[in-house]
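One letter stands for each residue in the lines below.
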Amino acid sequence: MWGSRRNRDGAQVTCIACGDSVARSDAREYDKHGDRWNREDKEFEFLCKRCYRDLCHQPRAGLEALLVESRAGHRDRDAFVAALCDRLAEREDSPES
């Protein structure tokens with residue numbers, strides 16, 4: 001009726017996991033906040049279908065904040081893992097968990 005949306009503009013996007021360039025129609029949107037349905041004022045990143053299938057699709061509420069608190073990407077691996085474990089232990093002891 002209206003025609004396929006698949007090849008509307010032929011745009012290419014880059015997969016944030018593997019770096020491959022793929023057609024937008026062959027990619028999946030990725031929202032680091034885990035809420036891809038709330039689209040207002042967002043710019044999405046993309047994953048190729050292969051990398052998207054490899055993702056864990058479990059809920060990740062609070063994960064981004066936990067990574068920021070643990071200074072992911074700003075310290076060496078051992079210090080990051082130690083900080084992450086400390087934050088997780090604090091959460092387990094909290095009344096909300």
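Placed above this text is the structure.
Residues numbered from 1 in each chain as written. Predicted model: local features only at pLDDT ≥ 70, side-chain atom pairs only at ≥ 80, totals over all residues. Heavy atoms only, no water.

(A) Representation of the overall build of the chain in the model. Counting its regular elements, the chain contains three helices and four strands. Secondary structure elements of the chain occur, N-terminal to C-terminal, as β-β-β-β-α-α-α. The buried share of the chain, reckoned over its 97 residues, is 19%. Within the chain, contacts between residues at least 6 apart in sequence are counted, and of these 33% link residues at least 24 apart. (Helix = DSSP H or I, 4+ residues; strand = E, 2+ residues; numbered from the N terminus. Buried < 20%, exposed > 50% of the residue type's maximum accessible area, 1.4 Å probe, protein only. Contact = heavy atoms within 4.5 Å.)

(B) Molecular detail of the side chain of Ser-70. Mapped onto the elements of the fold, Ser-70 is located in the loop between α2 (63-69) and α3 (77-93). Excluding its chain neighbours within four sequence positions, the residues that come into contact with Ser-70 are Arg-75, Phe-80, Ala-83, Leu-84 and Arg-87.

(C) Local environment of the nonpolar core. Counting residues in each nonpolar core, the largest one holds eight residues, listed as Val-13, Cys-15, Val-22, Ala-27, Phe-46, Leu-47, Cys-48 and Cys-51. Counting residues per element, this core draws most heavily on strand β4 (residues 45-48), at three residues. In contact with Ala-27, not counting residues within four places along its chain, are Val-13, Val-22, Phe-46 and Leu-47. (Core = buried A, V, L, I, M, F, W, Y, C linked by side-chain atoms within 4.5 Å.)

(D) Expanded view of the pattern of salt bridges. Using the criterion set out here, one finds four salt bridges in the structure. One salt bridge in this structure joins Glu-69 and Arg-87, with 3.9 Å as the shortest N-O distance. One end of the pair, Glu-69, is in helix α2; the other, Arg-87, is in helix α3, and 18 residues separate them in sequence. Relative accessible area serves as the criterion here: at 37%, Glu-69 is assigned to the partly exposed category. (Salt bridge = Lys/Arg side-chain N within 4 Å of Asp/Glu carboxyl O.)

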